[in-house]
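Chain and residue survey
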Amino acid sequence: MPGIPLGVLDLVPVSSGSTAAEALHRSIDLARRAEEFGYARYWFAEHHLNPGVAGTSPAVVLALTASATSTIRLGSGAVQLGHRTALSTVEEFGLIDALHPGRIDLGLGRSAGRPRPSDGRGGQPPVTPVVDGYTPNGLRIPDPFSFAHLLGHPRVALQQKLLNLPGAEPQEYGEQVDDVLALLRGEYRSPEGVEAHAVPGEGADVEVWILGSSGGVSAETAGRNGLRFAANYHVSPAAVLEATAGYRAAFKPSAELNRPYLTVSADVVVAEDEESARELATGYGAWVRSIRTAEGAIPYPTPAEARALPWTDADRQLVADRVETRFVGSARTVADHLERLQEATGADELLITTITHGHADRVNSYRLLAEEWHRRAAL
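This report concerns the structure included in the present document. (Residues numbered from 1 in each chain as written. Predicted model: local features only at pLDDT ≥ 70, side-chain atom pairs only at ≥ 80, totals over all residues. Heavy atoms only, no water.)

By size, the foremost hydrophobic cluster in this structure holds 97 residues, and its most contacted members are Tyr39, Trp287, Leu338 and Leu350. Other than its neighbours up to four places away in sequence, tyrosine 39 contacts Leu6, Gly7, Val8, Ala34, Ile72, Tyr366, Leu369 and Ala370. Judged by nonpolar contacts, the second largest core, of five residues, contains Val269, Ala277, Leu280 and Ala281. (Core = buried A, V, L, I, M, F, W, Y, C linked by side-chain atoms within 4.5 Å. Buried < 20%, exposed > 50% of the residue type's maximum accessible area, 1.4 Å probe, protein only. Contact = heavy atoms within 4.5 Å.)

This paragraph deals with a negative patch on the surface. Together, Glu272, Asp273, Glu275 and Asp361 make up a negatively charged patch on the protein surface. Tracing the sequence through the fold places aspartate 361 in helix α13 (residues 359–378). Using a relative accessible area of 33% as the deciding quantity, one classes aspartate 361 as partly exposed. (Patch = residues over 30% accessible without salt bridge, like charges linked within 9 Å, V, L, I, M, F, W, Y side chains within 5 Å. Areas by Shrake-Rupley, 256 points an atom, 1.4 Å probe, with all protein chains shown as cover. Salt bridge = Lys/Arg side-chain N within 4 Å of Asp/Glu carboxyl O. Lys, Arg positive; Asp, Glu negative; His and termini not counted. Charge placed at Lys NZ, Arg CZ, Asp CG, Glu CD. Helix = DSSP H or I, 4+ residues; strand = E, 2+ residues; numbered from the N terminus.)

Viewed as axis vectors pointing N to C, helix α9 (residues 284–292) and helix α11 (residues 313–323) meet at an angle of 110°, and their least axial separation amounts to 9 Å. Taken together, α9 and α11 sit at an angle that is classed as roughly perpendicular. Where α9 abuts α11, its residues Tyr284, Gly285, Trp287, Val288, Arg289 and Arg292 lie against Asp315, Leu318, Val319, Asp321, Arg322 and Val323. (Axes fitted to C-alpha atoms, helices over the stretch in contact; angles between N-to-C directions. Parallel < 35°, antiparallel > 145°, perpendicular 65-115°, else oblique.)

It is worth spelling out the packing of aromatic side chains at this point. Counting across every chain of the model gives 10 aromatic pairs. Seen in terms of ring centroids, tryptophan 43 and tryptophan 209 are 5.2 Å apart; in terms of plane orientation they differ by 75°. Their pairing is edge-to-face. You can see tryptophan 43 sitting in strand β2 (residues 41–44) and its partner tryptophan 209 sitting in strand β6 (residues 206–212), a full 166 residues away along the chain. Given a relative accessible area of 0%, tryptophan 209 falls into the buried group. Through a chain of ring-to-ring contacts, the aromatic side chains of Trp43, Trp209 and Tyr261 assemble into a single cluster. Against the face of tyrosine 134 rests arginine 140, its NZ or CZ located 5.2 Å from the ring centre. For arginine 292, the ring lying beneath its charged end belongs to phenylalanine 145, and the centroid distance is 3.6 Å. (Phe/Tyr/Trp six-rings, centres within 6.5 Å; stacked < 30°, edge-to-face > 60°. Lys NZ or Arg CZ within 6 Å of the ring centre and 35° of its normal.)

A word on empty space enclosed by the protein. Going through the model one piece at a time under the given rule, you end up with three cavities of 30 Å³ or more. Volume-wise, the largest cavity comes out at about 70 Å³. Looking at the largest cavity, the residues that line it are Pro13, Ser15, Ala23, Arg26, Ser27, Thr356, His357, His359 and Arg362. Every element with two or more residues in the lining of the largest cavity is listed here: α1 (20–37) and α13. Here the element with the most residues in the lining of the largest cavity is α1; it accounts for three residues. (1 Å grid on protein atoms, 1.4 Å probe; cavity = no way out; pocket = protein on both sides within 12 Å on 5 of 7 lines; lining within 4 Å. Points joined across faces, edges and corners; volume = space filled by probe spheres on them.)

Let us look at helix α4 (residues 154–163). Within an α-helix, residues lying three or four positions from one another point in the same direction, as the helix has 3.6 residues per turn. Buried residues of α4: Val156, Gln159 and Gln160, and no others. For α4, the angular spread of buried residues about the axis comes to 95°, placing them on one side. Across α4 from its buried face, at more than 90 degrees, point the exposed residues Pro154, Lys161 and Leu162. (Arc of directions from axis to C-beta.)

Here we come to the environment of leucine 241. Secondary-structure assignment places leucine 241 in helix α7 (residues 240–250). Judged by relative accessible area, which is 4%, leucine 241 ranks as buried.

Mapped onto the elements of the fold, valine 206 is located in strand β6. The class for valine 206 is buried, based on a relative accessible area of 15%. Setting aside anything within four residues of it in sequence, one finds valine 206 in contact with Phe93, Asp97, Ile104, Leu106 and Leu184.

Rolled over the atoms, a probe sized like a water molecule indicates the empty space that remains. Roughly 240 Å³ of internal volume is contained in the second largest pocket. Around the second largest pocket sit 18 residues that line it, and His83, Arg84, Thr85, Glu169 and Gln176 are the ones nearest its centre. Of all the elements in the fold, those that place two or more residues in the lining of the second largest pocket are α3 (86–99) and α5 (173–185). Examining the composition of the lining of the second largest pocket, we find that three residues originate from one element, α5, more than from any other. Class assignment for the residues of the lining of the second largest pocket results in nine nonpolar, six polar and three charged. (Nonpolar A, V, L, I, M, F, W, Y, C, P; charged D, E, K, R; others polar.)

Following the sequence through the fold, histidine 234 ends up in the loop between β7 (228–231) and α7. Look at histidine 234 and you get buried, because its relative accessible area is 9%. With 81 residues separating them along the chain, histidine 234 and histidine 153 place their C-alpha atoms 24 Å apart.

Attention shifts here to helix α6 (residues 217–224). Here α6 has its buried residues at Ser218, Ala219, Thr221, Ala222 and Gly223. Structurally, α6 contributes buried residues whose contacts are with α5, β6, β7 and α7. Once α6 ends, the next one or two residues include glycine 226, with phi positive near 65°.

Once that is clear, we can look at the pairing of strand β5 (residues 104–109). β5 sits mainly inside the fold: six of its six residues count as buried. In β5, alternate side chains face the same way, and those of Ile104, Leu106 and Leu108 on one face and Asp105, Gly107 and Gly109 on the other are all buried. Note that strand β3 (residues 73–76) and β5 share two bridges and pair parallel. Residue pairing across strands places leucine 74 opposite isoleucine 104, the latter belonging to β5. (Pairing = 2+ DSSP bridges.)

Our focus in this paragraph is the pattern of salt bridges. Within the structure shown, the criterion is met by 24 salt bridges. Here glutamate 36 makes a salt bridge to arginine 33, at a shortest N to O gap of 3.4 Å. A residue pair is termed a helical-turn pair when its members lie 3 or 4 positions apart in one helix, as glutamate 36 and arginine 33 do in helix α1 at three residues. When the shortest N-O distance is used, the salt bridge between arginine 224 and aspartate 178 registers 3.2 Å. Placement of arginine 224 in helix α6 and of aspartate 178 in helix α5 is noted, with a sequence separation of 46 residues between them. Aspartate 178 sits in the partly exposed class, given a relative accessible area of 29%. One continuous salt-bridge network, built from bridges that share partners, spans Arg41, Arg73, Asp105, Glu207, Arg228 and Glu349.

Following this line, the structure appears as structure tokens:
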């Protein structure tokens, strides 16, 4: 795939038997290695109250990582705006940009932990047709997954209580993004005409991205503002085509972009051969199950630990869409899948997220994929 960069999305996963501190050291090491392997950017996700995920503050982790790397772009994938203000976000990323100018991506997302009833389709017609769950080039598009079973769940409610000040109401997402952009540009005015200038932050040389899982508010906000958009195939594979179509339909040229610019995420595991890769991927289903039951992501299990866990048909159904859309195998097999994803979505970049129990296996997965991707680009 000539000219299609690969990036990394890191949740800072905590493996069973290890600690959050070890996970952070391993993620910083992986960022160094990803820079060596030729990845274009390295993003940190934001998640809370998960025993198996240490990435609670993307700004803090990427600031630490910026000092340990030199060329790779670093960013958030994404800052969850629902429990933050536009000013606090711009100031934080302005601080990092002041020390590491021209390397920082500000990825913005709506708050996690607020599941909404949805059929997984936002009404935008996919550009690429889907027949019997597959695009014409063979990309799997599963049935939509519903988070309705988590509505009112006490752990979801607790997360929102702990993240938000008492009585606080989140700002409407599109308005909040507008405020972020105005503060960055030095154009913010209150309704009464009072100016506000974020120092540092105003004029920061950051790339602003919107992350989204459907063709709804996030895709529309990215398109309306002429921003870069990241569609989450690894989180919501059923809606990836709708998300990309919604973004393109809403896109208006801006000072930053004259055409839509898109990255699409994929969950992958690569090893020297198919069997080894499948073994490394064994813990994924149990990990996804813990997320989708609101238990909170468990420490990532070893293959043996995962096989020892009880499973029901309901469990398998709960995680089926995620398991069957994870790309697992040799570098050649996974690269073939990624080419299908890029072709079906028209992505300008691809964003790779890989979790294995062993750190060395995770590093090796990214290395093998990069080598195969660069080999194809050279052909």
